[in-house]
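Structural overview
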Amino acid sequence: MSISIFGTGSMATGLAVLFAKANHRVTLASRDVAKARSVAADLGNGIGASSFADAAATADVVVLAVPYDAVAEVIKAAGGLAGKTVIDITNPMTADFSGLTIGHTNSAAEEIQKLAPEAKVVKAFNTVFASVLQAGGNAGGRPATVFVAGDDAAARKAVADLAQSVGFAPVETGVLSSARYLEPVAGLNIALAYGLGRGTDIAPAWQGVA
Ligand SMILES: NC(=O)c1ccc[n+]([C@@H]2O[C@H](COP(=O)([O-])OP(=O)(O)OC[C@H]3O[C@@H](n4cnc5c(N)ncnc54)[C@H](OP(=O)(O)O)[C@@H]3O)[C@@H](O)[C@H]2O)c1
């Protein structure tokens with residue numbers, strides 16, 4: 001699978017290495033292509049680097065690993081992402097991480113679907129800390145759960161399979177609007193990790209759901 005990851009930060013690099021090690025063709029994309037090239041070279045594993053537009057053109061799957069507030073800008077720079085499966089990992093947190101900026105009747109994922117109406121947007125990986133990616137998808141010594149939401153059942157299944165292929169335990173949560181529940185779960189994860197001092201070697205799961 002050809003996977004382009006928008007961003008060069010902790011989530012982008014963690015996912016890039018996991019996907020590349022599972023033999024996917026991975027490209028990192030940035031507003032600063034020289035930075036993307038430098039980060040990709042440091043990561044090795046055959047990871048490439050490109051602009052948003054060039055990376056989107058060659059991708060089956062695009063991962064949005066930028067802050068939620070930057071998503072509109074990068075989708076525009078990428079040319080709209082029509083026809084692509086777009087994995088939204090964002091959490092629309094306030095600057096001090098004390099709450100969400102949208103929710104209840106809406107979600108970042110649904111807003112992103114509006115920004116890229118011809119893309120198949122799938123929410124995933126938003127409840128997984130970057131440190132869990134660096135630990136090979138493990139939290140507390142067990143595969144971390146990746147909750148997967150999306151309106152396109154085939155795209156949702158493909159993202160669940162992708163997560164499983166790199167060592168996670170996927171749980172499909174149904175339509176994209178179930179991201180209204182998943183984004184607050186990430187907020188709780190952050191509160192536990194930082195506010196309550198449990199650290200980031202944690203990840204939420206759902207008992208009784210395979
Ligand atoms: N960190 C976690 O544990 C975690 C867990 C789950 C979900 N998430 C979500 O994952 C996403 C990425 O988080 P992160 O921790 O990887 O962030 P990060 O390390 O701060 O990296 C952010 C990336 O976004 C790029 N970026 C920022 N503003 C941009 C803009 N206006 N236009 C284009 N690119 C822009 C940055 O590029 P430059 O270098 O050019 O600034 C950088 O490559 C966020 O939405 C976050 O909510 C994070």
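This section reports on the structure supplied with the text. These numbers come from a predicted model, not from an experiment. (Residues numbered from 1 in each chain as written. Predicted model: local features only at pLDDT ≥ 70, side-chain atom pairs only at ≥ 80, totals over all residues. Heavy atoms only, no water.)

This next bit is on the side chain of threonine 127. Among the structural elements, threonine 127 can be located in the loop between strand 6 (120-123) and helix 6 (130-134). Contacts of threonine 127, omitting those with residues within four sequence positions, involve Thr145, Phe147, Leu182, Val185, Ala186, Asn189, Ala203 and Pro204. (Helix = DSSP H or I, 4+ residues; strand = E, 2+ residues; numbered from the N terminus. Contact = heavy atoms within 4.5 Å.)

Next up on the list: the layout of surface pockets. The space that makes up the largest pocket amounts to roughly 990 Å³. The wall of the largest pocket is formed by 40 residues, among which Met11, Ala65, Val66, Pro67 and Tyr68 lie closest to the centre. Of all the secondary structure elements, the ones that give two or more residues to the lining of the largest pocket are helix 1 (10-21), helix 4 (71-78) and helix 8 (179-195). Broken down by element, the lining of the largest pocket gets its largest block of residues, 4 residues, from helix 8. (1 Å grid on protein atoms, 1.4 Å probe; cavity = no way out; pocket = protein on both sides within 12 Å on 5 of 7 lines; lining within 4 Å. Points joined across faces, edges and corners; volume = space filled by probe spheres on them.)

Lining the immediate surroundings of the ligand are 23 residues, of which Thr8, Met11, Arg31, Lys35 and Val66 lie closest. Between an oxygen atom of the ligand and a main-chain N or O atom of methionine 11, the distance comes to 2.8 Å. One of the backbone nitrogen or oxygen atoms of asparagine 91 is found 3.2 Å away from an oxygen atom of the ligand. A total of 900 Å² of accessible area belongs to the ligand in isolation, and the protein chains cover 74% of it. One can see that the ligand is located within the largest pocket. Among the elements of the structure, helix 1 and helix 4 are those that each provide at least two residues to the shell around the ligand. Each residue belonging to the shell around the ligand can be placed in one class, and the counts come to 13 nonpolar, 7 polar and 3 charged. (Near = heavy atom within 4 Å. Polar contact = N/O pair within 3.5 Å; in protein donor to acceptor, adjacent residues only side chain to side chain. Areas by Shrake-Rupley, 256 points an atom, 1.4 Å probe, with all protein chains shown as cover. Sits in = over half its atoms within 2 Å of the grid points. Nonpolar A, V, L, I, M, F, W, Y, C, P; charged D, E, K, R; others polar.)

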